[in-house]
Amino acid sequence: MKKQIVLILYVLLMATTGFASGDPDFKTRDLDQMIEHGDPVNKGTVELLPLPLIQIEALVAAPPKVRKTHYLMHVLEGWGLAPMPTVTYGLDIHSLKGQKLNVYIEDHVAERALAALSVDDRVTLYGYHVYNSKYGPGILVSNFYRHTQWRHFSGKLKTWFQGGQADKTTHKSEEN
């Protein structure tokens, strides 16, 4: 019986990771390369991009917080984006090689992120590459996927089989 339950839990876990396999509309980009090679062609300017859909892998460096978004909103208005997203938050992330970047994050996504993400969580971020500047790529995040962390899942299984209480590292839902 326990083997069947473990198998069912494993199948459910694998089924919930489908979003992580990517959406064909979102092109996988290497965040380290975007940062290293993201300077605008003309030094001292901002290079606007036609809002390509991208997905990047990163680690959460800090929870979302309010940031200046006036320039981003001006660019989005110039592209005629409709409906206009509400963006007042930024998210500090680290690339997989440890480079730090602050990305824009839509407010409704930031609210979910505040509840679902912790520092050092590995995430796939989905969104738009809006511009390149001397400060790095301007990225607007419109969704995220929090990768399942085996230590959390294995701790939940161990606790469940032992009939005890969960330890403090197993408190998060893996859902978004």
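Right, let's walk through the structure included here. (Residues numbered from 1 in each chain as written. Predicted model: local features only at pLDDT ≥ 70, side-chain atom pairs only at ≥ 80, totals over all residues. Heavy atoms only, no water.)

1. Looking at the overall build of the protein
Secondary structure assignment for the protein yields five helices and seven strands. Split into buried and exposed, the 176 residues of the protein put 40% on the buried side. Accessible surface, the protein: about 10,500 Å² in total, of which carbon and sulfur atoms supply 58%. (Helix = DSSP H or I, 4+ residues; strand = E, 2+ residues; numbered from the N terminus. Buried < 20%, exposed > 50% of the residue type's maximum accessible area, 1.4 Å probe, protein only. Areas by Shrake-Rupley, 256 points an atom, 1.4 Å probe, with all protein chains shown as cover.)

2. Description of a nonpolar patch on the surface
Taken together, the side chains of Val46, Leu48, Tyr71 and Trp79 make up a nonpolar region of the molecular surface, amounting to roughly 360 Å² of accessible area. Among the secondary structure elements, Leu48 is positioned in strand β2 (residues 47-48). Under the relative-accessibility criterion, Leu48 is labelled partly exposed at 42%. (Patch = residues over 30% accessible without salt bridge, like charges linked within 9 Å, V, L, I, M, F, W, Y side chains within 5 Å. Salt bridge = Lys/Arg side-chain N within 4 Å of Asp/Glu carboxyl O.)

3. Let's talk about helix α4 (residues 107-116)
Of all the positions in α4, only Asp107, Val109, Ala110, Ala113 and Ala116 are classed as buried. Against β3 (53-66), β4 (89-94), β5 (100-105) and β7 (136-146) lie the buried residues of α4. (Contact = heavy atoms within 4.5 Å.)

4. Here we look at the packing of aromatic side chains
All told, the structure shown has three aromatic pairs when counted by the stated rule. On the numbers, 5.3 Å between centres and 85° between planes, the contact of Phe26 with Tyr126 is edge-to-face. One end of the pair, Phe26, is in the loop between α1 (2-16) and β1 (27-28); the other, Tyr126, is in strand β6 (residues 122-133), with 100 residues separating them in the sequence. Of the two residues examined, Phe26 and Tyr126, each falls in the buried class. Ring centres of Tyr71 and Tyr131 lie 5.5 Å apart, and the angle between their planes is 80°; on these two criteria the pair is classed as edge-to-face. Linking Tyr71 in helix α3 (residues 70-79) with Tyr131 in strand β6, this pair joins segments that are 60 residues apart in sequence. Directly above the aromatic system of Tyr104 lies the positively charged group of Arg67, at a separation of 3.9 Å from the ring centroid. (Phe/Tyr/Trp six-rings, centres within 6.5 Å; stacked < 30°, edge-to-face > 60°. Lys NZ or Arg CZ within 6 Å of the ring centre and 35° of its normal.)

5. Observations regarding the layout of surface pockets
Approximately 230 Å³ is the volume attributed to the second largest pocket. Around the second largest pocket sit 15 residues that line it, and Tyr131, Ser133, Lys134, Tyr135 and Gly136 are the ones nearest its centre. Split by residue class, the lining of the second largest pocket holds seven nonpolar, six polar and two charged. (1 Å grid on protein atoms, 1.4 Å probe; cavity = no way out; pocket = protein on both sides within 12 Å on 5 of 7 lines; lining within 4 Å. Points joined across faces, edges and corners; volume = space filled by probe spheres on them. Nonpolar A, V, L, I, M, F, W, Y, C, P; charged D, E, K, R; others polar.)

6. Details of the environment of His147
Secondary-structure assignment places His147 in the loop between β7 and α5 (150-162). Residue classification places His147 among the buried positions, given a relative accessible area of 18%. As a C-alpha pair, His147 and Thr124 span 23 residues in sequence and 7.5 Å in three-dimensional space. At 3.0 Å, the side chain of His147 forms a polar contact with the side chain of Glu57. (Polar contact = N/O pair within 3.5 Å; in protein donor to acceptor, adjacent residues only side chain to side chain.)

7. A few points about α3
Residues spaced three or four apart along an α-helix face the same direction, because each turn holds 3.6 residues. Those residues of α3 lying buried are Leu72, Met73, Val75 and Leu76. All buried residues of α3 project into a common sector of 160° when viewed along the axis, lining one side. Set apart from the buried face of α3 by more than 90 degrees, the exposed residues are His70, Glu77 and Gly78. (Arc of directions from axis to C-beta.)

8. Details of the nonpolar core
Taken as a class, soluble globular proteins show a tendency for nonpolar side chains to be buried jointly. By size, the foremost hydrophobic cluster in this structure holds 22 residues, and its most contacted members are Leu31, Ile56, Ile93, Leu125 and Ile139. Put simply, the parts of the chain that give this core at least two residues each are α2 (31-36), β3, β4, β5, α4, β6 and β7. Ignoring anything within four residues of it in the chain, the contact list for Leu125 reads Ile54, Gln55, Ile56, Ala58, Leu91, Ile93, Val141, Asn143 and Phe144. Grouped together as the second largest cluster of nonpolar side chains are 10 residues, Leu51, Leu72, Tyr104 and Val130 included. (Core = buried A, V, L, I, M, F, W, Y, C linked by side-chain atoms within 4.5 Å.)

9. With respect to the side chain of Arg146
Mapped onto the elements, Arg146 comes out in strand β7. Of the polar contacts made by the side chain of Arg146, one reaches the side chain of Asp121; its length is 2.9 Å.

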